[in-house]
Amino acid sequence: MFTAVKQVTVGEVRLLMPLEALRALPGLLARRPLFRPNPSAQVLDQFTTGVVPLGDRAGAEIAAGAIGRFWRLVGTEAAAVRTREDFLSFDQPGYAKAAISFLVRPERGGSRVITETRVVGTSPEATRALLRYWRAIRPGSGAIRRSWLAAIRRRAVRNGL
């Protein structure tokens, strides 16, 4: 199952591309460069702009993160972080740090995949902006997460994992 978590692609998460396209509309109207995830890329590498690996415990857990101004309709301004250490030490005010993890636990002859996202603002203003944004995108975010978990399951079943 852990292999499926790592290998599932953007294209397998059925709701990711349509909801990313919806999210990109303001930027398209403003004629700004758009973030377009590669459908054949591993989703943990491309679920949003500026993703960095944060670590993994082989066969059990993996985490990735991104830093940006996610609440902006145009130009979410991903921070220029390239490593786990950059992510951890980043403290410039006005941004949010988001980390997503997947934990695989053995359960009754199979496995359970548990996912969690943690987000923190780097300043009080960023935290307030992020909370307003979260209220708006929460249903879509949940739908993407369920679609992502379903893609992991489909891949695991298809590959006998």
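A. Here's a closer look at the overall build of the chain. Scanning the chain from N- to C-terminus turns up five helices and four strands. From first element to last, N terminus to C terminus, the chain shows the α and β order α-α-α-β-β-α-β-β-α. A globule of 161 residues ought to have a C-alpha radius of gyration of about 15 Å, and the chain, at 16 Å, matches this closely. Among the 161 residues that make up the chain, the fraction classed as buried is 38%. Sequence-distant contacts, at least 24 apart, represent 63% of the contacts inside the chain between residues at least 6 apart. As displayed, the chain offers around 9600 Å² of accessible surface, 54% of which is attributable to carbon and sulfur atoms. In the chain, the 26 positive side-chain charges and the 12 negative ones have mean positions that sit 8 Å from each other.

B. Geometry of the nonpolar core. Val5, Val43, Phe102, Trp148 and Ile152 are the most contacted members of the largest nonpolar core, which has 22 residues in total. If you list the elements that add at least two residues to this core, you get helix H1 (2–7), helix H3 (43–46), strand S2 (61–68), strand S3 (96–107) and helix H5 (124–158). Of the residues forming this core, the biggest block, five residues, is contributed by H5. Not counting the four nearest positions on each side in its chain, Ile152 is found in contact with Met1, Ala4, Val5, Val8, Phe102 and Val113. Judged by nonpolar contacts, the second largest core, of eight residues, contains Ala79, Val81, Phe87 and Tyr95.

C. The environment of Glu12, seen in detail. With respect to the helices and strands, the residue Glu12 is situated in the loop between H1 and helix H2 (16–29). In this structure the side chain of Glu12 is engaged in a polar contact, spanning 2.8 Å, whose partner is the side chain of Arg155.

D. View of the pattern of salt bridges. Overall, the coordinates contain seven salt bridges when judged by the stated rule. Of the charged contacts, one joins Glu107 and Arg108 as a salt bridge, the two residues approaching to 3.9 Å between their closest N and O atoms. By relative accessible area, Glu107 is classed as partly exposed at 29%. On the basis of relative accessibility, which here comes to 79%, the residue Arg108 falls in the exposed class. The residue Glu107 makes a salt bridge to Arg112 at a minimum N-O spacing of 2.8 Å. Among the residues examined, Arg112 registers a relative accessible area of 41% and is labelled partly exposed.

E. Main features of the packing of aromatic side chains. Following the criterion strictly, the structure yields two aromatic pairs and no others. Plain terms: the ring middles of Phe90 and Tyr95 are 5.2 Å apart, the flat faces sit at 85° to each other, and that makes the pair edge-to-face. Accessibility classification places Phe90 together with Tyr95 in one group, the buried group. For the ring pair Phe102 and Trp148, a centre distance of 5.0 Å and an interplane angle of 50° mean the geometry is tilted. In this pair, Phe102 sits in strand S3 while Trp148 sits in helix H5, placing the two residues 46 residues apart along the sequence. Relative accessible area serves as the criterion here: at 0%, Phe102 is assigned to the buried category.

About the cut-offs
- Residues numbered from 1 in each chain as written.
- Predicted model: local features only at pLDDT ≥ 70, side-chain atom pairs only at ≥ 80, totals over all residues.
- Heavy atoms only, no water.
- Helix = DSSP H or I, 4+ residues; strand = E, 2+ residues; numbered from the N terminus.
- Rg over C-alpha atoms; globule rule 2.2 N^0.38 Å.
- Buried < 20%, exposed > 50% of the residue type's maximum accessible area, 1.4 Å probe, protein only.
- Contact = heavy atoms within 4.5 Å.
- Areas by Shrake-Rupley, 256 points an atom, 1.4 Å probe, with all protein chains shown as cover.
- Lys, Arg positive; Asp, Glu negative; His and termini not counted.
- Charge placed at Lys NZ, Arg CZ, Asp CG, Glu CD.
- Core = buried A, V, L, I, M, F, W, Y, C linked by side-chain atoms within 4.5 Å.
- Polar contact = N/O pair within 3.5 Å; in protein donor to acceptor, adjacent residues only side chain to side chain.
- Salt bridge = Lys/Arg side-chain N within 4 Å of Asp/Glu carboxyl O.
- Phe/Tyr/Trp six-rings, centres within 6.5 Å; stacked < 30°, edge-to-face > 60°.

In short, geometric facts, not functional conclusions.
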